Amino acid sequence: MATRHLVRTVILQSLYEWDFYHRQHDLVAILERDLQEFASGIDEPDFAWRILKGITEHLKEIDETIVRVAPEWPLEKVAIIDRNILRIGLYELLYADPEEVPPKVAINEAIEVAKNYGGPSSARFVNGVLGTVYRELQAKRGLPVEAAPAPKPKRDKKVPHP
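Right, let's walk through the structure included here. What you are looking at is a predicted structure, and each value in this text was computed from that prediction instead of being measured. (Residues numbered from 1 in each chain as written. Predicted model: local features only at pLDDT ≥ 70, side-chain atom pairs only at ≥ 80, totals over all residues. Heavy atoms only, no water.)

Let us look at helix α1 (residues 3–20). A rise of 1.5 Å per residue sets the reference length of α1, with its 18 residues, at 26 Å; its end C-alpha atoms lie 25 Å apart and thus fit the reference within 8%. Buried residues of α1: H5, V7, R8, T9, V10, I11, L12, S14, L15, E17, W18 and D19, and no others. Contacts made by the buried residues of α1 are with α2 (27–38), α3 (45–57), α4 (59–69), α5 (80–94) and α6 (103–117). Positive phi shows up at H22, right after α1, with a value of about 55 degrees. (Helix = DSSP H or I, 4+ residues; strand = E, 2+ residues; numbered from the N terminus. Expected span 1.5 Å × (residues − 1). Buried < 20%, exposed > 50% of the residue type's maximum accessible area, 1.4 Å probe, protein only. Contact = heavy atoms within 4.5 Å.)

This is the structure:
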C-alpha cells in the first residue's frame, strides 16, 4: 500500500472514531495513536498532519458542501464512513495544494477508499459528490468541464487452487 494511501486510511479511521464519539475525544491524540499503531515508520507523517489540520480548519465549509451537493442526504444520515471519506476528499479537492495532490488523484483516492471501507454504494456516492464539486471548480475557473473519474469495477482476487 502506498504511503499516502495508507495515511488516508489511517486518517479515515481516526475521523471515524472521533465522529462516532460525537467529537468528544481529542482528535490529535486519536491520530497520534493510529499512526503509531497502523503506520509507524511512514516516510511522510507531515502529510497526515496537514490533511487533519486542513479538515478541522475547514470542517464547517466541507460539511456545508456535502449538504449542498447531496441535499437528499442530511449530513447526520450519511454513513459515518462515507461522511469522513468525503471530508478527506473534499479537503484535498478544495483546499490542498493541487500540485501536491491533483484533483483527479484526490477523487480516485476517495473512490478507492470508499470501495475498500464503505458499503456497496459508497463509491458511487463519493464519486457523485466529488465529481459534482470537481465540475463546479472547473466551471468556476473557466476550464473545460471534464467528467470526474468513474469508479473502476472492483475485481475479485482469484486464488489459484493447489
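On to the nonpolar core, then. One finds I11, L15, I55, I85, L86 and L130 to be the most contacted residues of the largest nonpolar core, which totals 47 residues. With 8 residues, the top contributor of residues to this core is helix α7 (residues 122–140). (Core = buried A, V, L, I, M, F, W, Y, C linked by side-chain atoms within 4.5 Å.)

This part takes up the environment of V129. Position of V129 among the secondary structure elements: in helix α7. V129 sits in the buried class, given a relative accessible area of 3%. Beyond its immediate chain neighbours, meaning those up to four positions away, V129 contacts V69, A70 and L86.

For the rest of this paragraph, the subject is the packing of aromatic side chains. Per the counting criterion, the structure on display carries 4 aromatic pairs. Ring plane angle 90 degrees and centroid distance 5.0 Å describe the contact between F20 and Y21, whose orientation is recorded as edge-to-face. For Y21, a relative accessible area of 40% gives the class partly exposed. Clustering of aromatic rings is evident, with ring pairs tying together Y16, F20 and Y21. In this structure, R4 is placed above the aromatic ring of F47, and the distance from its NZ or CZ to the ring centre is 4.1 Å. (Phe/Tyr/Trp six-rings, centres within 6.5 Å; stacked < 30°, edge-to-face > 60°. Lys NZ or Arg CZ within 6 Å of the ring centre and 35° of its normal.)

Under the criterion given, the structure shown has 16 salt bridges. Across the salt bridge formed by E44 and R4, the nearest N and O atoms sit 2.9 Å from each other. Of this pair, E44 sits in the loop between α2 and α3 while R4 sits in helix α1, and the two are 40 residues apart along the sequence. For R4, a relative accessible area of 22% gives the class partly exposed. The salt bridge partner of R83 is D19, with a shortest N-O separation of 2.8 Å. Separated by 64 residues along the polypeptide, R83 in helix α5 and D19 in helix α1 bring together distant segments of the chain. Here R83 and D19 have matching classes, each one buried. Through salt bridges with shared partners, a single network forms among R4, E44, D46, R50 and E100. (Salt bridge = Lys/Arg side-chain N within 4 Å of Asp/Glu carboxyl O.)

Don't take any of this as a statement about function, it's just geometry.
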